[in-house]
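Remarks on the overall topology
Spelled out, the chains give:
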Amino acid sequence: MKKQKKRLKTASPIVTVVLFAAAVVMLLGSSIGGTRAALTYYSETYTSRIQMYDIGVSLLENDREVSWRDYSSAGDGTWNEHTGTLLENMLPEGEKLTLGRRYQENLKVRNTGTINQYVRVSIYKYWLDPQGIKMRDLSPDLIDLNLVNLGTDWIEDEEARTEERTVLYYNKLLYAEGQGTSETALFADTLTIDDSIAKKVSQETKKEGNYTTIITTYDYDGVSFRIEVEVDAVQEHNAEDAIWSAWGKRITVSEDGTLSLTK
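Residues numbered from 1 in each chain as written. Predicted model: local features only at pLDDT ≥ 70, side-chain atom pairs only at ≥ 80, totals over all residues. Heavy atoms only, no water.

1. With respect to the overall build of the protein chain
Scanning the protein chain for helices and strands turns up 2 helices and 17 strands. Across the 263 residues of the protein chain, 46% fall into the buried class. Here the analysis covers contacts within the protein chain between residues at least 6 apart in sequence; of these, 68% occur between residues at least 24 apart. Counting only carbon and sulfur atoms, one obtains 46% of the accessible surface of the protein chain, whose full area is about 13,700 Å². (Helix = DSSP H or I, 4+ residues; strand = E, 2+ residues; numbered from the N terminus. Buried < 20%, exposed > 50% of the residue type's maximum accessible area, 1.4 Å probe, protein only. Contact = heavy atoms within 4.5 Å. Areas by Shrake-Rupley, 256 points an atom, 1.4 Å probe, with all protein chains shown as cover.)

See the structure below:
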């Protein structure tokens, strides 16, 4: 703990917080006959580092705080944090995730600190094989986390875009509670897994005497998909330099506090 306190005290005056959440969903398919592949799911969530006091941020999923980390009100250099799970309450108990079905997945950010801040969200989507190795032959686009409010409340950093990653900046100041709006607009509202993955099958024909058996296997049995959401926050004061120092991105803040990306 002493090392952590020292690191915090000697940190750059740039105030930044990182919150990291990840959801993993396993694809389980039948290997015989025409049984449709089904999805069951489990989730993992992680919280990452903090660099300075007075700032806090939470990731909200369907209006529920799923993960957060805030400076403790005790003033002893500790952090109030919680590691939750994404997708935990998306399905009724006992129900399996259905391919091609659109599920509600409202995601937004809340300022839970004591100072005003600007926030950035990084979203990662990719597939893993049964051994946990990242797959290159399955497109992340099959994992459809529907993004909303782009161009109005959220700005995509197109220079940071990759096949797996999308980076969004909230273009408004996010106020501390009691000082103004402390929650962002939604940046996502639904999640759908493309059902075309279940249509990729291989068939093997076996003959035994007068009988012919056709065995159908799903090409992607046992694969899983991962969605990761990383939230960063930087203080309002000297925001243009702070964001450049913390995130390596040039931005412009207008007189009314609106953030825009510098091209």
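Having seen the model, we can carry on.
2. So, a negative patch on the surface
A cluster of acidic side chains, namely Asp141, Asp144, Glu163 and Asp194, defines a negative patch on the protein surface. Relative to the elements of secondary structure, Asp194 occurs in the loop between β12 (188-193) and β13 (201-208). Taking the relative accessible area as the measure of exposure, Asp194 reaches 31% and is therefore partly exposed. (Patch = residues over 30% accessible without salt bridge, like charges linked within 9 Å, V, L, I, M, F, W, Y side chains within 5 Å. Salt bridge = Lys/Arg side-chain N within 4 Å of Asp/Glu carboxyl O. Lys, Arg positive; Asp, Glu negative; His and termini not counted. Charge placed at Lys NZ, Arg CZ, Asp CG, Glu CD.)

3. Re the environment of Leu173
With respect to the helices, strands and loops of the structure, Leu173 is situated in the loop between β11 (165-170) and β12. Take Leu173: its relative accessible area is 11%, and that puts it in the buried class. Between the C-alpha atom of Leu173 and that of Val253, which follows or precedes it by 80 residues, the distance is 9.5 Å. Leaving out residues up to four positions away in the same chain, Leu173 has contacts with Asn116, Gln117, Tyr118, Thr181, Glu236 and Gly257.

4. Description of the pairing of strand β15 (residues 224-235)
Here β15 lies mainly inside the structure; 12 of its 12 residues are buried. Side-chain alternation along β15 places Ser224, Arg226, Glu228, Glu230, Asp232 and Val234 on one buried face and Phe225, Ile227, Val229, Val231, Ala233 and Gln235 on a second face that is also buried.

5. Quick look at the packing of aromatic side chains
The full count for this structure, using the stated rule, is 4 aromatic pairs. When the centroid spacing of 5.4 Å and the interplanar angle of 70 degrees are considered together, the rings of Trp154 and Phe187 count as edge-to-face. Placement of the pair is Trp154 in strand β10 (residues 154-156) and Phe187 in the loop between β11 and β12, with a sequence separation of 33 residues. One aromatic cluster in this structure is built from Trp154, Tyr170 and Phe187. One cation-aromatic arrangement involves Lys172 over Tyr170; the distance from NZ or CZ to the ring centre is 5.8 Å. One Lys or Arg, Arg250, reaches over the ring of Trp244 and ends 3.8 Å from the middle of that ring. (Phe/Tyr/Trp six-rings, centres within 6.5 Å; stacked < 30°, edge-to-face > 60°. Lys NZ or Arg CZ within 6 Å of the ring centre and 35° of its normal.)

6. A look at the pattern of salt bridges
Going through the model one piece at a time under the given rule, you end up with 14 salt bridges. The partner of Glu183 in a salt bridge is Arg110, with the nearest N and O atoms 2.5 Å apart. With Glu183 in the loop between β11 and β12 and Arg110 in strand β6 (residues 103-111), this residue pair connects regions lying 73 residues apart in the sequence. The class of Glu183 is partly exposed, set by a relative accessible area of 24%. A salt bridge links Arg161 to Glu156; its shortest N-O distance comes to 2.7 Å.

7. Some points on the pairing of β6
In terms of burial, β6 is largely enclosed, as 7 of its 9 residues are buried. With 5 bridges joining them, strand β3 (residues 56-61) and β6 adopt antiparallel strand pairing. When the sheet's bridge partners are listed, Leu59 is paired in β6 with Val109. Strand direction decides the pairing type here: β6 and β12, joined by 3 bridges, are antiparallel. (Pairing = 2+ DSSP bridges.)

8. Some thoughts on the environment of Thr162
Summarising the element assignment, Thr162 is placed in the loop between β10 and β11. Owing to a relative accessible area of 38%, Thr162 belongs among the partly exposed residues under this scheme.

9. Quick word on the nonpolar core
Core analysis: the biggest nonpolar cluster contains 39 residues, and Val109, Trp127 and Phe187 have the highest contact counts within it. For this core, the secondary structure elements donating two or more residues are β3, β6, β7 (117-128), β9 (143-147), β11, β12 and β15. A total of 5 residues in this core trace back to one element, the largest contributor, which is β15. Non-local contacts of Val109, meaning those with residues more than four positions away in its chain, are made with Val57, Ser58, Val119, Val121, Trp154, Leu174, Ser182, Glu183, Thr184, Phe187 and Val231. Listed in part, the 14 residues of the second largest apolar core include Tyr118, Ala160, Val167 and Ala239. (Core = buried A, V, L, I, M, F, W, Y, C linked by side-chain atoms within 4.5 Å.)

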